Structure formats: C-alpha cells, structure tokens
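In case you want the letters, here they are:
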Amino acid sequence: MNIVFLFSDEHTGTVMGHSGHPIVRTPHLDRLSEQCYTYDNAYCNSPICTPSRLSMLTGHYPHQIEAWDLGAILDRPYKTWGDYLTETGYETVLCGRTHFNGTDRLLGFSDRLLDDLPRWRNTKGNPPRRTADARRGSNSHVTECGPGDHEHTRYDRKVADLAVDFLHKKAASPSDKPFLLYCGFMHPHFPLIAPTEFYSWYDPNTLELSDTWNEPLESQHPIIQHHRWAWRNDIPPPEDTVRCALASYYALVSSLDAQIGRVLEAINTSSLSENTLVIYTSDHGEMAGHHGIWQKQCFYESAVKVPLMVRLPSGETGRIAQNVSLVDILPTLLEVAGLEKPSDLPGESLLEIARHQRDETTRAVLSEYHHMGMLNAGFMLKRADYKLCHYVGSQPQLFNVNADPLENDDLALNAEYAAIRNELEDALHTIVNPELEDAKAKENQRIRKSEV
C-alpha cells in the first residue's frame, strides 16, 4: 500500500471546520475527515518543531533520542520511517519542510524533491540559551501580520507542485514497488503574512478573541509568567494587532488547506486512490493569544493538540476519542508495511487503536519541553480528561480539559484532586525520570555550546 503523509507546521487541532471551529474555512480537510479515522485527542510529543519531528520520525520520545531543542541533530543509530520502509522495499521520498539539522538531509529516506528553506537549516546544531535573561528579540511573531506575499506561501505552493507531479507520474506508470511520500508544508507557521485571497475571508473586526488574550501576567503560574516574558508575550499587543494576527493565522490555515486539496485531488482522481493511505497531522499547535501567548512552547491544549486523520483505501471511518500522539504514527506505518513493531517503541498503531478501542481512561500520552522559556524541563501527561503539567523545580498544573477546555481552573493545589494528581505523577514517573532527563538535557546543551 502506498502512503502519502501530509504534514503542516503549527496547526492547532481545533482550528478547522471538522473540529467544530465556527469561523475557519477548511473545505478540503473537512472532506478528508469524512473519509477517515479522525483522532479528536491527538497530541504532539514536544510543543516545538525539531524535537516533535524527530520524535515522530523515530517513534521515540524526545528524551529517548536526546532531541532536546531546535538545534538537535539525530544520532543515526535511531532508525526513522525512511530506514524502516526503505529496508522493506518502499521508495521513500521527502518533499518540503522537515526542519532537520545537520548535513544529512535524508535521514534514511531514499530521495528528496525539495529541501527546507536555507534559513531553516542549522548545520551546527547550536543549543538554545536557557538562562534567566534569555529572551526573544521581538514580538514579531504577533506584530508581523496581515495580507501579503511571503516566501512560505511560495514554498508551500512548490511543495504541492512537486508532490502533484510525483503522484501523476506514479499513476501514469504503476509499479509493484510501493512508495511513501512525505509532504511538509510551512503554513500556518508565523510570520503571519497571509495570501490576500484567504485573508479576505476573515474580518478582523468581527473575530471573537480568546477571553484570556490579555490575561494579567501576575495572575498566572510562575512557569507561564517566565514563558511569556521569554517569548515577548508578557505585554499583549494592541487589540487591533491581535485581531489582525488572528485573522492572518486563520487565513494561513485556509491557504494550507488549499494546497493539501491539490495533493488530495491528484490521488482522488487517479488509480492511486485504490491503494494509497493518507495521513494528515501537524508538528504542534499555536496558542493564538490564549492565556496571552503566541507561538507554542507550553502544554496548554492550543499548543500541544494537533489534528490527526488517517484515510484507508478500504473506506473505514470513525471518530476516535482515545488519547493518541505522534509517536503512534510509526507503528501505524509498520503495520501497513507488514513489519513487526520493535519492542522499544512506546507508541501503538493508530489503526489498532481505532479498530479495537479500549477503556480510554487507561492510555496516557506524553509531551516534553527542554528549550528556551523554561529554565528547567517540563513534562505533560494526559490520561482520559486529566492533564498533568510537571515542571522540574516548580509546582505542577492540573486540568480537566473536558470540564474546563480553556484551562482556566488549575486543580493542582485543590485537595479534592490530590489523588488524581498523585496517580498522574506516578504514571509519569513510570515513563520518565523528569529530574534525570532535565540534567541530561542541560549537560548535552552545555557540551554543544562549548563546541560552537
């Protein structure tokens, strides 16, 4: 079976029509969702690009492969999708955004149609600054917004062009050799410069802003306070700027949807539709002003929840409530390719989860963060409706995201929820030793800094 993997950057799971958003227009993704298993509680394993992507491609949590930060370079003893599927006879092709570092631009894949933009290639693996005074240079991730042309838009168009051409050739010359095509898009990653066509769909003056877009810094958890300061979100921009930025983000999602639609059409209108698995997801979300935060780098739902859809040629569909994460994608691909899952991979096949849904209170997903904005490591464990945010050296947060979807009510210090907090802490420690991994990350970053 062929596999087409569609991957965006910074698309939070609730910002599309299929997930119930009242404003955002995503007709192609909505149509795809009707033909899929869709996972309503899908999470990234790190709310920042490179660790999330390397974790997904290896099927291991970031701490297991030392993918601590944006400068991480994968140690090649860790196999990727490309390694596994190439070995079993697949043609494995990268096209577009991967945010790999280092000189190896394939990481086990057999070919690449388009590399990352030059400014996104970190060949030296420089570590981040994680000192108390480390801070982003500006808040351009919010203030640089509005309609216009941008290289990310042109890049995404080229990704779709090359993917469509590849698929047309495969349809015209069928082969017994299956393929895996990875299509990586930049949108809706900032800067929030959106194509005019799509920006016109959203009137900034009528958009509903998050109730917490200008939440007072002093009212927040200490970790979130420092996060906001470090990423220049401590002082909210003027409301008209926030409205423009939000309209731009929505427009970038719609622009992404249009390019995905082109790739899907190439599959749907050819013989490939009979034997091609399609997956869509994103590397992490975008806070878009919730709790006064733009970008990601935290464990609120808008940062860690991602869309996830899996379309099979057989036409199986369903909405899956169980918690899943991006480390579940590799076991899914292994199942499709007829390979046995290695025992050291923490994920499970998404198809197995969809077809044999178990008690959703038993499955937990993990996310972690070791980059600028948190002086010490942060870990998130979500099981059923409860989410624990464990911060090394600081008090945790605890949310019931079903009862409190905006995460305004931190239950961590509420005595009524002490048993749940303790259960989640115990569950977290069966997966990872937070203090040990925090020390390992800092030592790794210290060594890399000394080598620069």
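Refer to the structure above for everything that follows.
Calculation criteria
- Residues numbered from 1 in each chain as written.
- Predicted model: local features only at pLDDT ≥ 70, side-chain atom pairs only at ≥ 80, totals over all residues.
- Heavy atoms only, no water.
- Helix = DSSP H or I, 4+ residues; strand = E, 2+ residues; numbered from the N terminus.
- Rg over C-alpha atoms; globule rule 2.2 N^0.38 Å.
- Buried < 20%, exposed > 50% of the residue type's maximum accessible area, 1.4 Å probe, protein only.
- Axes fitted to C-alpha atoms, helices over the stretch in contact; angles between N-to-C directions.
- Parallel < 35°, antiparallel > 145°, perpendicular 65-115°, else oblique.
- Contact = heavy atoms within 4.5 Å.
- Nonpolar A, V, L, I, M, F, W, Y, C, P; charged D, E, K, R; others polar.
- Phe/Tyr/Trp six-rings, centres within 6.5 Å; stacked < 30°, edge-to-face > 60°.
- Lys NZ or Arg CZ within 6 Å of the ring centre and 35° of its normal.
- 1 Å grid on protein atoms, 1.4 Å probe; cavity = no way out; pocket = protein on both sides within 12 Å on 5 of 7 lines; lining within 4 Å.
- Points joined across faces, edges and corners; volume = space filled by probe spheres on them.

Draft legend 1. Just the overall build of the protein, in detail. Helices and strands together make up the secondary structure of the protein, namely 14 helices and 17 strands. Its C-alpha atoms give the protein a radius of gyration of 21 Å, within 12% of the compact-globule value 22 Å for 452 residues. With respect to the three principal axes, the spread of C-alpha positions in the protein is 60 × 50 × 50 Å. Across the 452 residues of the protein, 61% fall into the buried class.

Draft legend 2. Region of interest: the packing of helix 6 (residues 151-172) against helix 9 (residues 239-268). Running from amino to carboxyl end, helix 6 crosses helix 9 at an angle of 0°, the nearest separation of the two axes being 9 Å. Between helix 6 and helix 9, the angle falls in the class roughly parallel. Across from Asp156, Arg157, Ala160, Asp161, Ala163, Val164, Leu167 and His168 in helix 6, the residues of helix 9 making contact are Gln259, Arg262, Val263, Ala266 and Ile267. Grouping the constituent residues of the contact of helix 6 with helix 9 by class yields seven nonpolar, two polar and four charged.

Draft legend 3. Highlighting the packing of aromatic side chains. As enumerated under the stated definition, the model contains twelve aromatic pairs in all. Ring geometry for Phe5 versus Phe7: centroids 5.1 Å apart, planes at 40°, classification tilted. Note on Phe5: relative accessible area 1%, which makes it buried. Taken together, a centroid distance of 6.3 Å and an interplanar angle of 50° make the contact between Tyr386 and Tyr417 tilted. Residue Tyr386 is found in strand 16 (residues 386-391), and its partner Tyr417 is found in the loop between strand 17 (397-400) and helix 13 (418-431); the two are separated by 31 residues along the sequence. The structure contains a cluster of three or more aromatic residues connected by ring pairs, namely Phe5, Phe7, Trp81, Phe109 and Tyr182. Seen from the ring of Trp120, Arg97 lies directly overhead, with NZ or CZ sitting 4.3 Å from the centre.

Draft legend 4. A look at the environment of Thr196. Examined against the element boundaries, Thr196 turns out to sit in helix 7 (residues 196-199). What makes Thr196 exposed here is its relative accessible area of 51%. C-alpha of Thr196 to C-alpha of Asp149: the two residues are 47 residues apart in sequence and 7.8 Å apart in space. For Thr196, the contacting residues outside a window of four places in its chain are Pro147 and Gly148.

Draft legend 5. Geometry of the environment of Leu117. Positionally, Leu117 belongs in the loop between strand 5 (111-114) and helix 5 (140-143). Overall, the relative accessible area of 14% leaves Leu117 in the buried class. Between the C-alpha atoms of Leu117 and His99, which are 18 residues apart in sequence, the distance is 9.0 Å. In contact with Leu117, not counting residues within four places along its chain, are Glu151, His152 and Tyr155.

Draft legend 6. Focus on the layout of surface pockets. Of the pockets and cavities examined, the largest pocket occupies roughly 930 Å³. Thr14, His290, Ser302, Pro405 and Leu406 are, among the 40 residues lining the largest pocket, the residues nearest its centre. Taken together, the elements giving at least two residues each to the lining of the largest pocket come down to helix 9 and helix 10 (301-304). Per element, the largest residue contribution to the lining of the largest pocket is three residues, and it comes from helix 9. Across the lining of the largest pocket, the residue classes tally to 17 nonpolar, 14 polar and nine charged. Of the voids in this model, the second largest pocket is the one considered here, and its volume is about 380 Å³.

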